[in-house]
Amino acid sequence: MEMTVKGAADLLKGAKDVLILCHQSPDGDTLGSGYGLYFCLKKLGVRARVLCPDEIPELFKPLLRGYREEPFDPALVVAVDIADAKLMGRLCAQYGDSVDLCIDHHISNTGYARRLLLDREAAGTAEVIFALAKEWGLAPDPHLADCLYTGIATDSGCFKYQNTTPRTHRIAAELMEWGADAAEINRAIFDTKSQGRLAAESALIRSIRYFCGGRLAVAVMDLATIAEAGAGPADFDGLTALPRQVEGVEIGVTLREREPGFFKVSVRTSRYVDASALAARLGGGGHIRAAGCTVRGTADEAVETIHQLAKEFLH
């Protein structure tokens, strides 16, 4: 059942103990939205906690400032920025069938939750959390603003992706008025690289292979390459756009081996191919210009699977 912002706001305000779920391989939007919602609920006097299936990257640890873990049996389970229950990772077995409310912006949302607050026009789920904060009439708060700004900036590619709308800029401006440190957030996320990150970029660039007359670029990071680079998991976050950035490439794909024979696939497109539709053919989904799925097999088999599928979309 799809809900309005007011309906979701009333449901959350009337709840007692709210468990907020983030997706696996957490990014700035799921974390900014999750902790943003947490701080909103605390202002309303609602007890809440955030649960993430994977380790939170150091880059986003500042979002946890002021967060306090409180154990309780949840009365309401809320998923943020999770389009499909399987994206909960290790939490799916426990919560996949018991999500009371999903707050999301993905057009590929599978409708797995009992209730759904979905804004298909939002650049990030953090825009939807902002709408809830406004509905509740919460006073401006700098740390809450940092959480929501982080989510929006991350999912809009620092406001340069096609999903960025005039409303996105207006919300970002208001969050800055609330006290969001936009310059520092953008510097930390987009302009700062660890040595491990540079090693990861170098390894990924060397792995790129071109197909379909240069319109398809595929980068492969298998376990051996990752180990050789000596980079940590967080160092690979945000690298998925690199293959698409090559001139003439319409579809850029990054294959990252998570465990032997199991590749996480990130699809990015430039102008006319629907990345979500392509990923859906392999059981995934996402946005028009950014989507993901998983592929099993060897590295060469995974590349060939992507190659054959991409040819259909580029025809």
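Scroll up for the structure.
All of these numbers come straight from a predicted model, not from anything done at the bench.

About the cut-offs
Residues numbered from 1 in each chain as written. Predicted model: local features only at pLDDT ≥ 70, side-chain atom pairs only at ≥ 80, totals over all residues. Heavy atoms only, no water. Pairing = 2+ DSSP bridges. Helix = DSSP H or I, 4+ residues; strand = E, 2+ residues; numbered from the N terminus. Axes fitted to C-alpha atoms, helices over the stretch in contact; angles between N-to-C directions. Contact = heavy atoms within 4.5 Å. Parallel < 35°, antiparallel > 145°, perpendicular 65-115°, else oblique. Nonpolar A, V, L, I, M, F, W, Y, C, P; charged D, E, K, R; others polar.

**Some details on the sheet that holds strand E4 (residues 101-104)**
Spatial ordering of the open sheet is given by E2-E1-E3-E4-E5, a layout of five strands whose pairing is parallel. Two strands lie at the open edges of the sheet, namely strand E2 (47-51) and strand E5 (116-118), each paired on one side alone. Here the average twist between neighbouring strands, direction ignored, is 20°. Across three bridges, the pairing between E4 and E5 is parallel. Across the sheet, Cys102 pairs through a bridge with Leu116, a residue of E5. Seen against the sheet, helix H1 (residues 5-13) touches strand E1 (17-21), strand E3 (76-80), E4 and E5 and runs at an angle of roughly 130° to E4. Against the sheet, helix H4 (residues 125-136) contacts E4 and E5, and its axis sits at roughly 115° relative to E4.

**Some thoughts on the sheet that holds strand E9 (residues 262-269)**
The mixed open sheet is built from six strands, whose spatial order is E6-E7-E8-E9-E11-E10. Strands at the two margins of the open sheet, each flanked by one partner only, are strand E6 (209-211) and strand E10 (285-286). As judged from the six bridges shared by strand E7 (residues 216-221) and strand E8 (residues 251-259), these two strands associate in the parallel manner. Bridged to Val220 within E8 is Leu255. Contacts between helix H8 (residues 195-207) and the sheet are confined to E6, E7 and E8, with E7 contributing the most and set at about 130° to the helix. Running at roughly 160° to E7, helix H11 (residues 299-314) makes contact with E6, E7, E8, E9 and strand E11 (290-296) of the sheet.

**Some words on the packing of H1 against H4**
Across the interface, H1 lies against H4 with an axial gap of 9 Å and an inter-helix angle of 70°. As the angle between them shows, H1 and H4 are arranged roughly perpendicular. On H4, the residues touching Val5, Lys6, Ala8, Ala9, Leu12 and Lys13 of H1 are Ala131, Leu132, Glu135 and Trp136. The class makeup of the residues in the contact of H1 with H4 is seven nonpolar, no polar and three charged.

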